[in-house]
Amino acid sequence: MSTDAIVLLKNDHKTVEKLFKEFEKAGEDAYGEKRRLADSIIEELTVHAYIEEEIFYPAAREAVPETKDHVLESVEEHHVVVWMLSELLDLDAHDETFDAKVTVLTENVRHHVEEEEDEWFPEVRSAMGRKQLQELGQRMIDARSAAPKNPLELKSAKA
């Protein structure tokens, strides 16, 4: 398994996208399945946001000072997503707003992922190089176990 920080983040993006697609394919009345998928989405995005905010973003900003605006915008995007995740935490899948909240969450995350992967991951990769990205990736792997379970415990929840 690669420890390259950007590869790890892209793998997380793929995992979440797969969950979004499963949610979109679930039947209208598949309440149990949708609840299970929403719980997985919440967990995946909370851990992902944690390692980005605590490890990747500060390192990227230091290595490529020009990414400052990207990092600040990303944290604000996390802020929006975190609050949506917190609303989904205890929301009954039968609630009429449940599917709509997941749909808006999906749109926000897809936009965020596209910006990261297309606009600034390439800048970070060229500035850091292979060895530094692998060391950073290992720190990110090690930090996963410390990630909070509640999205409101993330730094971006307070931003």
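Scroll up to find the structure.
Thresholds, definitions, all that
- Residues numbered from 1 in each chain as written.
- Predicted model: local features only at pLDDT ≥ 70, side-chain atom pairs only at ≥ 80, totals over all residues.
- Heavy atoms only, no water.
- Helix = DSSP H or I, 4+ residues; strand = E, 2+ residues; numbered from the N terminus.
- Rg over C-alpha atoms; globule rule 2.2 N^0.38 Å.
- Buried < 20%, exposed > 50% of the residue type's maximum accessible area, 1.4 Å probe, protein only.
- Areas by Shrake-Rupley, 256 points an atom, 1.4 Å probe, with all protein chains shown as cover.
- Patch = residues over 30% accessible without salt bridge, like charges linked within 9 Å, V, L, I, M, F, W, Y side chains within 5 Å.
- Salt bridge = Lys/Arg side-chain N within 4 Å of Asp/Glu carboxyl O.
- Lys, Arg positive; Asp, Glu negative; His and termini not counted.
- Charge placed at Lys NZ, Arg CZ, Asp CG, Glu CD.
- Phe/Tyr/Trp six-rings, centres within 6.5 Å; stacked < 30°, edge-to-face > 60°.

Participant: What is the right way to look at the overall build of the protein chain in this model?
Facilitator: When helices and strands are tallied, the protein chain shows four helices and zero strands. Starting at the N terminus, the α and β elements of the protein chain follow one another as α-α-α-α. A compact globule built from 159 residues would reach a C-alpha radius of gyration of about 15 Å, and the protein chain, at 16 Å, matches this within 12%. For the protein chain, buried positions account for 44% of its 159 residues. For the protein chain, the exposed area adds up to about 8,400 Å²; of that, 51% sits on carbon and sulfur atoms.

Participant: Explain the environment of Ala143 to me, please; I cannot follow it from the model alone.
Facilitator: Position of Ala143 relative to the elements: it lies in helix α4 (residues 98-143). The class for Ala143 is buried, based on a relative accessible area of 13%. Put simply, Ala143 and Ala30 are 113 residues apart on the chain and 34 Å apart in space, counted from C-alpha to C-alpha.

Participant: Would you take a moment to explain a negative patch on the surface for this structure?
Facilitator: On the surface, a cluster of negative charge is contributed by Asp69, Glu73, Glu114, Asp118 and Glu119. Secondary structure elements with two or more residues in the negative patch: α3 (68-89) and α4. Here the negative patch gets three residues from one element, more than from any other, and that element is α4.

Participant: It is not clear to me how the packing of aromatic side chains should be interpreted in this structure. Could you clarify?
Facilitator: For any pair of aromatic rings, the description consists of the separation of the ring centres together with the inter-plane angle of the planes. Within this structure, the stated rule accounts for six aromatic pairs. With a centroid separation of 5.5 Å and an interplanar angle of 75 degrees, the aromatic rings of Phe56 and Phe121 are classed as edge-to-face. Taken together, the positions of Phe56 in helix α2 (residues 31-63) and Phe121 in helix α4 put the pair 65 residues apart, joining distant regions of the chain. Note on accessibility: Phe56 and Phe121 belong to one class, buried. Their ring planes at 70 degrees and their centres at 5.8 Å tell us that Trp120 and Phe121 sit as a pair that is edge-to-face. Take Trp120 and Phe121: they sit in the same class, and that class is buried. Through successive ring pairs, a cluster of aromatic residues spans Phe56, Tyr57, Trp120 and Phe121.

Function-wise, these values are silent; they only describe arrangement.
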